[in-house]
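Fold and geometry: a report
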Amino acid sequence: MFKPHVTVACVVQAEGQLLVVEETINGVATWNQPAGHLEADETLIQAAERELLEETGIQASPQWLLRIHQWIAPDNTPFLRVLFALDLPSCLPTTPQDSDIDRCWWLPPQQILQASNLRSPLVAESVRIWQRAERYPLALLQAFQWPFCEGAPARDA
């Protein structure tokens, strides 16, 4: 049965710099946007907020939808990746809470585009999309009769 991995990622900008997280994969330090898997009890936007907080220590909400990518990784794992963007007024200090994250960097977009240690080709593609300045309203993503939305009754545990 086909079951793609649903992931979210955030391009976070402040003062002309983009935020990347560094994690060690198979002994190599790799860069990625703050990103991760959608969990069963959350909306896509909630997943983006949670991943940003866990991986960087920054509590913020996405402001725009940039793109939805369907991608097959080199190991044939299928992904559906929802890409968000947000602008912060300044480069905030970071404190990763996820033990998989070694550190965070605020970097110029060009440095990310030229890096040889990106987690996947989607990292650079996300920067290029962000540079195009196409932004879509978050209202395009709606949780229909979702039991975990604010104001909705809680689901029995």
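Note that the coordinates shown come from a computational prediction; the quantities given were computed from them, not determined experimentally. (Residues numbered from 1 in each chain as written. Predicted model: local features only at pLDDT ≥ 70, side-chain atom pairs only at ≥ 80, totals over all residues. Heavy atoms only, no water.)

**Overview of the overall build of the chain**
Regarding its fold elements, the chain presents 3 helices and 7 strands. Helices (α) and strands (β) of the chain occur, in sequence order from the N terminus, as β-β-β-β-α-β-β-β-α-α. The globule rule puts the C-alpha radius of gyration for 157 residues at 15 Å, and the 16 Å found for the chain is close to it. Oriented by its inertia axes, the alpha-carbon framework of the chain measures out at about 45 × 40 × 30 Å. Here the chain holds 157 residues, and 41% of them are scored as buried. Looking at the chain alone, contacts between residues at least 24 apart form 68% of all its contacts between residues at least 6 apart. Within the structure as shown, the chain displays about 8,900 Å² of accessible surface, and the carbon and sulfur contribution to it stands at 53%. (Helix = DSSP H or I, 4+ residues; strand = E, 2+ residues; numbered from the N terminus. Rg over C-alpha atoms; globule rule 2.2 N^0.38 Å. Buried < 20%, exposed > 50% of the residue type's maximum accessible area, 1.4 Å probe, protein only. Contact = heavy atoms within 4.5 Å. Areas by Shrake-Rupley, 256 points an atom, 1.4 Å probe, with all protein chains shown as cover.)

**Comments concerning the nonpolar core**
Grouped together as the largest cluster of nonpolar side chains are 21 residues, with contacts concentrated most on V12, F84 and L88. Counting only elements with at least two residues in this core, the list comes to β1 (5-14), β2 (17-25), α1 (44-56), β6 (78-87) and β7 (101-107). Top contributing element to this core by residue count: β1, with 4 residues. If we ignore the near neighbours within four places in the chain, the residues touching V12 are Q17, L18, L19, L52, L86, L88 and W106. With 17 residues, the next largest nonpolar core counts A9, V11, L107 and V127 among its residues. (Core = buried A, V, L, I, M, F, W, Y, C linked by side-chain atoms within 4.5 Å.)

**Structural notes on the pairing of strand β5 (residues 64-72)**
Direction of pairing for β5 relative to β6: antiparallel, over a ladder of 8 bridges. Across the sheet, the residue bridging to Q70 is L80, located in β6. Connecting the antiparallel pair β5 and β6 is a turn made up of 5 residues, with N76 showing a positive phi of about 75 degrees. (Pairing = 2+ DSSP bridges.)

**Let's talk about the pattern of salt bridges**
Once the charged atoms of two side chains with opposite charge are near each other, the side chains can pair. The final tally for this structure, using the stated rule, is 8 salt bridges. In this structure, R119 and E23 form a salt bridge, with 2.7 Å as the shortest nitrogen-oxygen distance. Taken as a pair, R119 in the loop between α2 (109-114) and α3 (121-131) and E23 in strand β2 lie far apart in primary sequence, 96 residues in all. Residue R119 is classed as partly exposed on the basis of its relative accessible area of 43%. R50 serves as the salt-bridge partner of E42, at 2.7 Å between the closest nitrogen and oxygen. E42 gets classed as buried once you look at its relative accessible area, which sits at 8%. A relative accessible area of 16% means that R50 is categorised as buried. (Salt bridge = Lys/Arg side-chain N within 4 Å of Asp/Glu carboxyl O.)

**Notes on the confidence of the model for the chain**
Overall, the prediction assigns the chain a mean pLDDT of 92, with 94% of residues at 70 or greater. With pLDDT under 50 throughout, residues 152-157 is counted as low confidence; its partners more than four residues away or in other chains account for 5 contacts. (pLDDT = per-residue confidence, 0-100.)

**What about the environment of Q145?**
With respect to the secondary-structure elements, Q145 resides in the segment after α3. In this structure, the C-alpha to C-alpha distance between Q145 and Q46, residues 99 residues apart in sequence, is 16 Å.

**A look at the pairing of strand β3 (residues 28-32)**
Sheet analysis places β2 next to β3, joined by 5 bridges and oriented antiparallel. Residue pairing for β3: E23 is matched across the bridge by T30. The turn linking β2 back onto β3 is made up of 2 residues, and N26 within it adopts a positive phi angle of 50 degrees.

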